[in-house]
Amino acid sequence: MKTLALFFAFITLHTLNAQQTPKDTTGITIDVVIENITNNNGKVLLSLNTEDTFMKGKGIMNLQSDIKDGKIHVKFTNVQPGEYAILALHDENNNKRMDFDTGGMPMESYGMSNNEMIYGPPQFSDAKFIVENKDLALNIRF
């Protein structure tokens, strides 16, 4: 349970930061859609991470989105080629952190790129994808 709580503490740190505006405008766009959100309460917080930032603090880019009809659509822009992973959290009560029940289980939905459903904290190797020379479209499931 401590490991799971640590995971959600890190995802909270990732999403608390405002969206960073990259200086280089020649990068790739990563189009992210989440369509299975259980309600329109709160916001969805997302962070784009490298292996160096994954579960270690803030992401290299962070976004948040209002929810409409159980869906969101956001874009990470000006992303340079490399390996990345995305973490997402449905912050239903807008408190900018993951909430847990008394047993330590998450009370809010979350997901990651590649949609691996694992017990315990996510691993970069499970969530990573490669950005090369063309825009990407990702669908994340909670």
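Our subject is the structure that appears above.
Residues numbered from 1 in each chain as written. Predicted model: local features only at pLDDT ≥ 70, side-chain atom pairs only at ≥ 80, totals over all residues. Heavy atoms only, no water.

Q: What exactly am I supposed to notice about the sheet that holds strand 1 (residues 28-34) here?
A: Adjacent strands of a sheet pair through backbone hydrogen bonds, lying either parallel or antiparallel. Strand order in the open sheet formed by three strands is 4-1-8, and the pairing between neighbours is mixed. Single-partner strands in this sheet number two, and they are strand 4 (72-79) and strand 8 (136-139). On average, each strand axis in the sheet is tilted by 20 degrees relative to the strand beside it, whichever way the strands run. Pairing geometry for strand 1 and strand 8, over four bridges, is parallel. Each residue of the ladder has a partner; that of Val32, found in strand 8, is Leu138. (Pairing = 2+ DSSP bridges. Helix = DSSP H or I, 4+ residues; strand = E, 2+ residues; numbered from the N terminus. Axes fitted to C-alpha atoms, helices over the stretch in contact; angles between N-to-C directions.)

Q: Could you clarify how one ought to interpret the pattern of salt bridges in this entry?
A: Close approach of charged atoms allows side chains with opposite charge to pair. One pass over the structure, following the stated rule, counts three salt bridges. In this structure, Asp66 and Lys43 form a salt bridge, with 2.4 Å as the shortest nitrogen-oxygen distance. Of this pair, Asp66 sits in strand 3 (residues 61-66) while Lys43 sits in strand 2 (residues 43-49), placing them 23 residues apart in sequence. One salt bridge in this structure joins Glu83 and Lys128, with 3.6 Å as the shortest N-O distance. Separated by 45 residues along the polypeptide, Glu83 in strand 5 (residues 82-91) and Lys128 in the loop between helix 2 (124-127) and strand 7 (129-131) bring together distant segments of the chain. (Salt bridge = Lys/Arg side-chain N within 4 Å of Asp/Glu carboxyl O.)

Q: Help me understand the nonpolar core, please; the structure alone is not making it clear to me.
A: Among soluble globular proteins, nonpolar side chains are generally buried collectively. Judged by nonpolar contacts, the single largest core of 22 residues is most densely connected at Ile30, Ile34, Val44, Leu46, Leu48, Phe76 and Ile86. If you list the elements that add at least two residues to this core, you get strand 1, strand 2, strand 3, strand 4, strand 5 and strand 7. Phe54, Met55, Ala85 and Ala127 belong to the second largest nonpolar core, which has seven residues in total. (Core = buried A, V, L, I, M, F, W, Y, C linked by side-chain atoms within 4.5 Å. Buried < 20%, exposed > 50% of the residue type's maximum accessible area, 1.4 Å probe, protein only.)

Q: How should the packing of aromatic side chains be read in this particular structure?
A: For any pair of aromatic rings, the description consists of the separation of the ring centres together with the inter-plane angle of the planes. Evaluated as defined, the whole model comprises one aromatic pair. With a centroid separation of 5.6 Å and 70 degrees between ring planes, the pair formed by Phe54 and Phe124 is classed as edge-to-face. Of this pair, Phe54 sits in the loop between strand 2 and strand 3 while Phe124 sits in helix 2, and the two are 70 residues apart along the sequence. (Phe/Tyr/Trp six-rings, centres within 6.5 Å; stacked < 30°, edge-to-face > 60°.)

Q: Looking at this structure, I do not really get the side chain of Ser47. What am I missing?
A: Along the chain, Ser47 turns up in strand 2. There is a polar contact of 3.1 Å between the side chain of Ser47 and the side chain of Asn49. (Polar contact = N/O pair within 3.5 Å; in protein donor to acceptor, adjacent residues only side chain to side chain.)

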